[in-house]
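# Structural features, examined
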Amino acid sequence: MSATTTTPSVSQKKLHCSFCRKSSEEVKYLVAGPNNIHICEECVDKARKIIEEAQQTVKTEN
Ligand SMILES: [Zn+2]
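Right, let's get into the overall build of the protein chain. When you go through the protein chain residue by residue, the secondary structure sums to one helix and two strands. Order of helices (α) and strands (β) in the protein chain, N terminus to C terminus: β-β-α. For the protein chain, with 62 residues in total, the buried portion stands at 5%. Once local pairs closer than 6 in sequence are excluded, the contacts in the protein chain between residues at least 24 apart make up 5%.

Right, here's the structure in full:
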């Protein structure tokens with residue numbers, strides 16, 4: 001009796017990486033953060049490298 005139509009009510013808002021603007025379909029993973037920001041696994045990787053490099057330069061601080 002229930003006339004429930006299987007309409008895709010989920011208006012799947014396409015998520016984008018807040019850093020490189022790639023959509024969730026273009027990347028493997030998209031990590032959600034606060035304030036509706038997201039970061040893809042590529043940018044996480046980039047960020048990690050930047051931090052590693054920064055830490056190495058900090059070491060030679062004199
Ligand atoms: Zn990204």
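Moving on to unusual backbone geometry. With a phi angle near 65 degrees, Arg 21 is a residue other than glycine that sits in the positive phi range. Looking at the secondary structure, you find Arg 21 in the segment before β1 (30–32). Unlike most non-glycine residues, Asn 35 shows phi in positive territory, near 60 degrees. Within the fold, Asn 35 resides in the loop between β1 and β2 (38–40). By the C-beta count within 10 Å, which is 5 here, Asn 35 ends up exposed.

Take the confidence of the model for the protein chain next. Averaged over all residues, the pLDDT of the protein chain equals 84, while 76% of them reach at least 70. Considering each helix and strand of the protein chain separately, the mean pLDDT is smallest for helix α1 (residues 41–59), with a value of 92, and largest for β2, with 95.

Compared with the 27 Å implied by 1.5 Å per residue over 19 residues, the 27 Å span of α1 between its first and last C-alpha is a close match. Where burial is concerned, little of α1 is hidden: zero out of the 19 residues are buried.

Basis of the calculations
Residues numbered from 1 in each chain as written. Predicted model: local features only at pLDDT ≥ 70, side-chain atom pairs only at ≥ 80, totals over all residues. Helix = DSSP H or I, 4+ residues; strand = E, 2+ residues; numbered from the N terminus. Buried ≥ 20, exposed ≤ 12 C-beta atoms within 10 Å, placed from the backbone. Contact = placed C-beta atoms within 7 Å. pLDDT = per-residue confidence, 0-100. Expected span 1.5 Å × (residues − 1).

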